[in-house]
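Structure at a glance
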Amino acid sequence: QAKELGRSRVSLYDRSIDAEKIDRKRLANELREAVETDALHVVYQPIFDAQTMRPALVEALLRWKHPRDGFIPPDLFISVAEENGLMDAVGNWVLRNACRDALRWPDIRLSINVSPVQFRNPGFDRNLAAILAETGLPPARLEVEMTETHLVTFPDRAQHIVASLRILGVSVALDDFGKGYSSIGYLRRFSFDKLKIDRSLVHGVSIDLETRRLCEATVALGRALNLEVTAEGIETEADGEIMRQAGCAYLQGFAFARPMSAAHITELLDDCNNGSDTDEVLRTA
Ligand code: C2E
Ligand code: MG
Ligand code: MG
Ligand code: MG
């Protein structure tokens, strides 16, 4: 999807491959400027406790509203950042802003996506510790999401950094499980806390029996290895119900909540808390 968009953007100007490169270069320059002028923003998608259906975490998702081209999908501009030496700047911008926002939500945890480019940096754990200290977010409130790309490209260093993050008190989730090759061996070698099952696996789980069996087996695999399992990309209540029955600890998807502004998260959490107050009132009345 991101690729398609990249191509159609380019074709407005020129169809040659060269133009695509220039276009990505242009995008990189504009992205650099966006970071420097705080023209990016972060939205948050609630992740629900499957048992209580209360928000347990929020996942930070970066947004860039380009002044001329409008909304640019993160899949596209993150890869542009990675190719152009901007990922550390962009990644630190997200970490700082999201950790600061999360201070307003003491009852829930924050999950942040980290690019392999950030992760590859041997100082990544120290950098993260510094941002936690600077913003005042307790490490136990932070979770880092990584994809298996991290593990394939430099398994030894990745193993070391995962371990040092856990020593810091930050938990680590393997994101998009089931999307790529997803070697089961990684699950044993790395000490993850959590497995996030990719939405491509979950999609249609309530209408297709084989999909359901596959998801059930994947959840069982995670649980057998002592990992908490999140199902992402849940678009219908029925899909959510199946994943809950399969043993997922957490559910995330448009069926429950879309990514939203920090202000909206605060409202949502207020509503949840007021809801529970009402229950309390009803019980004691
Ligand atoms: P991800 O980490 O797997 O994030 C989940 C993506 O699925 C988000 O897309 C979210 O909006 C979308 N999503 C959530 N629920 C549903 C659903 O029910 N149905 C469908 N169709 N989609 C759903 P988004 O925000 O476009 O982000 C795409 C990817 O970009 C993310 O995938 C992540 O890999 C990357 N990304 C986003 N923000 C950051 C960031 O700050 N740093 C890094 N390194 N990567 C980021
Ligand atoms: Mg993620
Ligand atoms: Mg994901
Ligand atoms: Mg995904």
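Per an unreviewed UniProt entry, the protein chain carries the name Bifunctional diguanylate cyclase/phosphodiesterase and comes from Kaistia nematophila.

On the secondary structure map, L221 appears in helix 11 (residues 209–224). Taking relative accessible area as the criterion, L221 reaches 24% and is therefore assigned partly exposed. Here the alpha-carbon distance between L221 and L187, two residues 34 residues apart in the chain, equals 9.5 Å. Among residues more than four places away in sequence, those in contact with L221 are F177, I184 and L187.

Right, let's talk about the packing of helix 4 (residues 87–102) against helix 6 (residues 124–135) for a bit. Each pair of packed helices can be summarised by the angle the axes make with each other and by the distance between the axes. Direction vectors running N to C along helix 4 and helix 6 enclose 35°, while the axes themselves pass 9 Å from each other. The interaxial crossing formed by helix 4 with helix 6 has right-handed handedness. Here N92, L95, R96, C99 and R100 of helix 4 lie close against helix 6, whose contacting residues are N127, L128, I131, L132, E134 and T135. Within the contact of helix 4 with helix 6, the residues separate by chemical class into five nonpolar, three polar and three charged.

Counted under the stated rule, the structure contains 19 salt bridges. A salt bridge links E134 to R100; the shortest N-O distance between them is 3.8 Å. Taken as a pair, E134 in helix 6 and R100 in helix 4 lie far apart in primary sequence, 34 residues in all. Assessed through its relative accessible area of 46%, E134 is described here as partly exposed. Residue R100 is classed as partly exposed on the basis of its relative accessible area, which comes to 43%.

Moving on: the coordination of the magnesium ion (ligand 3). Taken together, D175 (OD), D176 (OD) and E232 (OE) make up the full set of protein donors to the magnesium ion (ligand 3), lying 2.0 to 2.5 Å away. The distance between the magnesium ion (ligand 3) and the magnesium ion (ligand 2) is 3.4 Å, with D175 acting as a donor to both metals. You can call D175 buried: its relative accessible area is 7%. For D176, a relative accessible area of 19% puts it in the buried group.

In the vicinity of ligand 1 there are 24 residues, among which R63, N113, R199, E235 and F254 approach most closely. Within the side chain of D75, a nitrogen or oxygen atom sits 3.3 Å from an oxygen atom of ligand 1. Take S115: an N or O atom from its main chain is 3.4 Å from a nitrogen atom of ligand 1. With the chains in place, 86% of the 810 Å² that ligand 1 exposes on its own is no longer accessible. Elements that contribute at least two residues to the shell around ligand 1 include exactly strand 2 (55–66), helix 3 (74–83), helix 4 and strand 6 (171–177).

The rules we used
Residues numbered from 1 in each chain as written. Chains lettered and ligands numbered in written order. Predicted model: local features only at pLDDT ≥ 70, side-chain atom pairs only at ≥ 80, totals over all residues. Heavy atoms only, no water. Helix = DSSP H or I, 4+ residues; strand = E, 2+ residues; numbered from the N terminus. Buried < 20%, exposed > 50% of the residue type's maximum accessible area, 1.4 Å probe, protein only. Contact = heavy atoms within 4.5 Å. Axes fitted to C-alpha atoms, helices over the stretch in contact; angles between N-to-C directions. Left-handed = near helix turned anticlockwise from the far one by under 90°. Nonpolar A, V, L, I, M, F, W, Y, C, P; charged D, E, K, R; others polar. Salt bridge = Lys/Arg side-chain N within 4 Å of Asp/Glu carboxyl O. Donors = N, O, S within 2.8 Å, 3.2 Å for Na, K, Ca; no water. Near = heavy atom within 4 Å. Polar contact = N/O pair within 3.5 Å; in protein donor to acceptor, adjacent residues only side chain to side chain. Areas by Shrake-Rupley, 256 points an atom, 1.4 Å probe, with all protein chains shown as cover.

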